[in-house]
Amino acid sequence: MGVHNSINRGKEITLTIDGKKCKSTFGKTILEVARENDIYIPTMCYLSKVKPIASCRMCVVNVEGVEGTILSCQEKATDGAVITTNNSELYTERQNIMKLYNVNHPLECGVCDQSGECDLQNKTMEFDVAEQPFTTKEPHRPIQNWGHVSYDAGLCIMCEKCVRVSTEITGDEALQLHFGGYSSTILNVKQEKNYASLGEAAAVCPVGALVDTHFKYRANAWELEKIPSSCPHCSVGCQMNYEVRHDKIYRMSNEAEFTSLCGAGRYGYDYANHNVSKDTKAFEDAVDAVKNAQSILFAPHISNEEALILQKIKEQTGAKLICGEARGYQKFMQAYASVTGKKLFGGTLKGISESKAVIVFGTRINDDAPVVKYHINMASKWHRARVAYMHPLEDAEMKNIVTQFIKYEPQSEEGVAALLVEMLLRNVDVSQNVKAFLDDLDIGNLSAESNVGEEELEALRKSMLKKEDFSLVIGADLYAHPRAEQIAKILALVEKYAGFNVVCVPPAGNAMGVSLICELDDKATGKTVGYNVEADVVLSALGNGDLDMPALNQQEGTITTVDKRVVPMHVAQPYGGYVLNDIANALGLYAEYTIDYTKTLPVEKGFKAVEFDALPDYFDSVGNEHRGYLLDVCHTEVEEMFEEVDEIDAFDGAVVYICNPKDQFSAFTNLCEPLKEEPFLLGSSQFATATKLSDADKVTFEIDGVTFKRVFKIDTSMKGTIALNPTYDMGLSAPLVSSYRFSKVKMMQDKKRGS
Amino acid sequence: MSGVVFSTWRDEFIDNRDKPHDEWVETGFRLPETYHGDRASKAFIGWDGVAIFDEDIDAVELANQYAAQYQEYSEACGRCAPGRWGGRILYDLLDKIARGEGSHDDITHLKEISQTMMATSKCEIGKTVPKPILDLMEHYKEQFDTCIDAQIPSKHYNGDTSYIAKVTAPCTDMCPAHVDIPAYIEGVRDMVFTESLQATRQTMPLAHTCGRVCPHPCEDACRRANLDEPISIMELKRIGADYETDHEVPWLHPHEPKPPRNDGKKVAIIGAGPAGLTAAYYLALEGIKVDIFEELPVNGGEVAVGVPEYRMPVDKYNKDIDFVLEMPTVSITNNHRVDAKRLKEIDAEYDATLLSFGTRLSKKVRAKNENPDMQGYWGAIAMLDKVNLWHKYGIGSPASNELKDKVVVCVGGGFTSMDVVRCAIREGAKKVIMLYRRDEKTIIRNTTYEEYHEAVEEGVEFIFHSAIEEIFDDGEKITKLKVNRYELVPDPEGGRAQLVKIEGADFEIECDYLIPAVSQALDTQILPEEWNIEMTSWNSILTNGKDYMTSRPGLFAAGDCEYGPMTIVNAVGQARRAASVISRYIYDGKCTLTDDEIMEDHLAKLKVYDKNEKITGWMPGIPRAVSQKLETAERKTNQKEVNLGFTGEEAISEAERCMRCYYISMVAV
């Protein structure tokens, strides 16, 4: 007693399970060690990605010298323990539990969506429960429709998995337990909209209690073919399976035992470019246009292979390659690398989830990359992490996770970065250049101009004292900032000198892959061809261009994820038209299939010369990810050159911030029926006052040459004079909006009726 | 006729059913044979067995009602399959038999379901509920058989017997504030920290404070200790409290506070320490108007001005204080000293008055030439006032003005003396010596291992088995002390060892300050003489320890002024009970207890924790988590909080060690 022990975590132990000697480390549960060693212990409530729930009691084992049965999911394996996972006594206990689970459980498997993949069904058979020996009076509990998901309390076995993912993973805490003994149920306390917990919950529900409303009664589980793939919507690139019958996607699933999907991944699957056939005339015109184009504009929602094809076309025709968001990220990361000496940031999502403190800077992360937010939430729940959220706009959806909101003025990010770094490196040995840069900072002035109080940073510093394992999550506000490269260099110091797990969340789709593969240009000139972008000639997977293209669920290829992993996508929907590779071939390049390019992705950028078909795509029994491969770390020359922090232009008054709502990322998600939502310019009542707008007023404004006609809506959860403006509904124009996310726009109010 | 007819309580098997009364075997347990006042109990049934006091007992109905109570409890739980469905079936089958519709197959099913519940339930309540039911089915078999064979209801089915149940746990029972410890630990385990805090606040408003400086008597009653080491109960309490402040969530109440009653009733509370704050909170939660009168300019009582910042940061304590004072019906008047005259006015004006002031007179060490006016003689309370008022509130001047580079001797052995010596170190004293009459083991038992250990690390010199015989001075200030040494001589008769002075072992200590911290006494001047308030033999205010009313109707007392100098958690427990009694007293003028409170007292008497019980079904050898502390060099010159608290991982891991030892007990009256 007395000595801080960190619970002896990591100490090597050896134990015997069913006669097999198993080596492991202290801190793991008996069940984890068993699974590492491929020893089966039945469970109903166990879910690998959350902490042990311990509600089902099925995983009981015997331990030599210990009386009674031991819960293997929760109890830690100890050195020298001798464990028996099965004998007649344990079998009987488990059988009895299955009898209890079957109390009153309706025998309606024939019409239950879970049938065929139901844990209750499987374990009832496994433990030979041939009848329902106990029954009792059933309380009346009607089926509830919660939006994406429906809940049938009569089928619910109260395993609590859904509540745990809501608490520990998605962090929206929409689902709660209603304790009520025999009439216990799950509550959805946030029914006003579809929270991410819903899809996550349905994915982990072992029975038919929580099922996808869109899928209900449409197909049997065993009729669906699972096509593994990766989600192309945001930069996280989550694992997912298309579930397909007769060329139609019925639903999405994922390896929910180990990994998660946000609402866009789970419900944004129906965006294929349907019923396309080969239009030879259009194709020839497109080939001509590409040949003669001085600039090729494209959206970052393409595969690595397509990016390589575009790069090769550029090399052949000399056309400029324009992809605004990826270009910003590319320049940012190049500047970042000039400080760290490594071409990519060093952090990982797992690193975030293991942090004791997380600083979020320059991103509305819950909307920009929901699964990154989940990892911040994991840190909050598992490690009581301090979460500092630095942004001009508070996010009500993050409130339960954030411990300190640090508000700054739009455009002052360079100064904020400098203030942050100065605080984090205060007692750290740094190079001469860095020291000179930090010493020259006029802290008082930066603090005044950015509106970040020195006492706020001091409070942040104090909250991190005596702690370790820190993360910095930075995002898209910074990549398109006029001072992006300087900001990148400053923040790189946090990785280099403060040892932070830094994750620079790519701004969109496959922006990271594109930024690594393509030599991008800043500004388009001359004749243009657009790939999913408005241009003189348009190639479009949205079905509204001069030549049709396949959507990402209609083609094979790889994308690069925020975890710096190159992961495969497979064909879920048929496509009968031309693809980018056909154009490339017509221009004299040659590859039979687009995926022939997979093995030629640039190794000098970290890619590996691996055939597409050789890419692994699975999680092992304890959840280690084997999807594609991790990019190699590539080194680059270090030069720590800083400029003086720029004077900040005051950015007061009404400001518009480019931000899509949660689950909407692009024109592709906008096509998906379950995600449909009306786009609004969303602002606080303070914004309304500042702009003299009323709720439901129509306004017109322009950003990056794109004209927005919006209905203004007051959101009472918002504060301040910054409004949210989405782009997901802007179709081919959306990728053109790629400058700094905050802008002062001139708002033209449409004439009101009768005035 | 009184006495135990039949009992299986805690493996004591008594069956007096067919014996003449003079041959009856008596029980060794303090079972609740009388419920309250002159109301006799018919039976007591609980986690450890069943005791029958009335020969006419309806055993079938007793079992049925116990299952029903469990069913009701599980209305608040339902967290595991065996408990949720098993409990329901247990009740369904027993009720079927009791109403005369049962079969012998039902008995078989009952035994089968009981077995599964006992083997696999998540918490002890599910594991223990079947035990007394099986006992009744075995030893009162004929009653069950009659119901089944004749298909008739049991003999008093739907009769007028009342069944009063209470859920407790060994830790909860031992906690003077009866905090629902398993619930707040479960909140940590579930990572729903708001629920953890709400569970604590059901009976303990000072969650920050008692998550930091409670001597945790609960941990002495933790069943986990029977297996390996007790749960670190106290430190887990801090997790929920810290969550509330870290995330700036609105105040979390155990339930929605009732709207202000505005009915003219009002309660006065004298003293804004732990007891006063607690009583104010629970009265306000009921919507009752409360006015607090506090002598000091700062709130919080002895925890504010006595307990140092490095143990109990004032910004955290202020959260607890604000939590109470921001209740809509609570108001406070500071710098308001209540003397006997003022107390009479208050007593006349208010419907009830609660005395909840502390013991702030430092007792003497009883040495020759002891003169409190002598320079260098500094009472512990006055010394700690000065230290804390300066560091926490910027009031006064730093005590280092007095103590820097000085030699300080403290006489004590309890928490206050530990605070004195460790503060003296922090104020820059050259040498700090603690004199204690007894040994190291006892000082640890009287405080905590951590407290003693940390004081040693910081450089406090402990001299055990010692006491001051004489104090020397130069006419102005103290110069040195003459100290006697003692040894512990075992009693050859096997009795308690005696402290015997060692002749010729006396020694002298030259010092600048002598700080007596042996104990504190009550300033009784506040009590009007003509009220003749009855006092205890140790000169604290006398109550019956159940309803906390003094010998004067309408005047209540809780906390140190009632008990003598004791712990925060003791003050909280007493004050919450007093608040409950007052909430009824102000309407009906009667001192009454609720059934829950009566049961609470019965269980405390019976003792819930059994240190000899063998624990099964849990993996032994999982070490107790120990939080990180500031290194000695980092802490001994300042007031930084020493205990950094659990990391999230440590907290969850420690919460997973908790065995959820809920028990349900019931009395048939």
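Keep in mind that this is a model prediction, so the values were computed, not measured. (Residues numbered from 1 in each chain as written. Chains lettered and ligands numbered in written order. Predicted model: local features only at pLDDT ≥ 70, side-chain atom pairs only at ≥ 80, totals over all residues.)

What about the pairing of strand β12 (residues 239-245) of chain A?
Residue and element names in this part refer to chain A. The condition is simple: For every residue, the other C-beta atoms within 10 Å of its own C-beta are counted; 20 or more classify it as buried, 12 or fewer as exposed, and values in between as partly exposed. C-beta atoms are placed from the backbone. Numbering of helices and strands runs from the N terminus; a helix is a DSSP stretch of H or I covering at least four residues, while a strand is a stretch of E covering at least two. At least two bridges found by DSSP between two strands are what make those strands a pair.
Most of β12 is tucked away, with five of its seven residues classed as buried. Two strands pair when backbone bridges link them, and strand β11 (residues 225-230) and β12 are joined in this way by six bridges, in the antiparallel orientation. When the bridges of β12 are listed, K226 appears paired with E243. Taken together, the five bridges between β12 and strand β13 (residues 248-253) define a ladder with antiparallel strand orientation. Among the inter-strand pairings, E243 is bridged to a residue of β13, identified as R251. Remark: two residues form the turn of the hairpin made by β12 and β13, two consecutive strands paired antiparallel; H246 in that turn has positive phi of roughly 45°.

Focus on the nonpolar core
As a reminder, the rule being used: What makes a nonpolar core is a set of buried Ala, Val, Leu, Ile, Met, Phe, Trp, Tyr and Cys residues, with links drawn between C-beta atoms within 7 Å. Two residues qualify as a contact pair if the distance between their C-beta atoms, derived from the backbone, is within 7 Å.
Within the largest apolar cluster, 442 residues are counted, with the highest numbers of intra-cluster contacts made by I296(A), V360(A), V473(A), A279(B), A280(B), L354(B) and F556(B). With ten residues, helix α23 (residues 568-588) of chain B is the single largest residue contributor to this core. Not counting residues up to four positions away in its chain, the partners in contact with A280(B) are I269(B), V290(B), I292(B), V324(B) and V330(B).

With respect to the interface of chain A and chain B
Going by this rule: Under the grouping applied here, Gly and all other residues not named as nonpolar or charged are polar, the nonpolar ones being Ala, Val, Leu, Ile, Met, Phe, Trp, Tyr, Cys and Pro and the charged ones Asp, Glu, Lys and Arg.
Counting from both sides, the interface comprises 48 residues of chain A and, opposite them, 50 residues of chain B. Elements with a contribution of two residues or more to the side of chain A that touches chain B: β3 (60-63), β4 (66-71), α2 (88-101), α4 (161-170) and α12 (370-383) of chain A. A class-by-class count of the residues in the side of chain A that touches chain B yields 18 nonpolar, 19 polar and eleven charged.

Regarding the environment of P623(B)
In this fold, P623(B) is placed in the loop between α24 (595-606) and α25 (632-635). Note: C-alpha distance between P623(B) and K341(B) (282 residues apart in sequence) is 57 Å.

Let's talk about the sheet that holds strand β6 (residues 144-145) of chain A
Residues and elements named next belong to chain A. With antiparallel pairing, the three strands of this open sheet are ordered in space as β6-β7-β10. At either margin of the open sheet sits one strand with a lone partner, and together these are β6 and β10 (210-212). As paired elements, β6 and strand β7 (residues 149-151) share two bridges and run antiparallel to each other. Bridge pairing in β7 links Q144 to Y151.

Re the sheet that holds strand β20 (residues 501-504) of chain A
All names here are of chain A. Defined as follows: Lines fitted to the C-alpha atoms define the axes, with helices restricted to the stretch that makes contact. Angles between their N-to-C directions range from 0 to 180 degrees.
Overall, parallel pairing links the five strands, which are arranged β18-β17-β16-β19-β20 in an open sheet. The sheet is open, and its two edges are formed by β18 (404-406) and β20, each paired on a single side. For this sheet, the mean angle separating the axes of adjacent strands, direction not counted, is 15°. Relative to β18, strand β17 (residues 386-390) runs parallel, the two being bridged by three bridges. Bridge assignment links M390 to a residue of β18, and that residue is I406. Contacts from α12 reach β16 (357-361), β17 and β19 (470-474), with the element oriented near 150° to β16.

Some points on the confidence of the model for chain B
Detailed reading of the predicted coordinates is not advisable wherever pLDDT falls low. Which entries qualify depends on this criterion: Per-residue confidence from the predictor is reported as pLDDT, a score between 0 and 100.
This prediction gives chain B a mean pLDDT of 94; 99% of its residues lie at or above 70. In the predicted assembly, ipTM is 0.91 and pTM is 0.94.

Quick notes on the domain arrangement of chain A
Which entries qualify depends on this criterion: Domain ranges listed in this record stem from an automatic or a database domain assignment.
Along its sequence, chain A is organised into domain 1 (6-86), domain 2 (137-267), domain 3 (288-327 + 511-630), domain 4 (341-504) and domain 5 (655-749). One C-alpha centre belongs to domain 1 of chain A, the other to domain 4 of chain A; they are set 39 Å apart.

Thoughts on the pairing of strand β6 (residues 49-52) of chain B
Residues and elements named next belong to chain B. Burial along β6 is two-sided: the residues G49 and A51 and V50 and I52 are all buried. Here strand β1 (residues 6-7) runs beside β6; their pairing, made up of two bridges, is antiparallel. The residue bridging S7 from the neighbouring strand is A51, located in β6. One ladder, built from four bridges, connects strand β5 (residues 43-46) with β6; its direction is antiparallel. Among the inter-strand pairings, I45 is bridged to a residue of β6, identified as V50.

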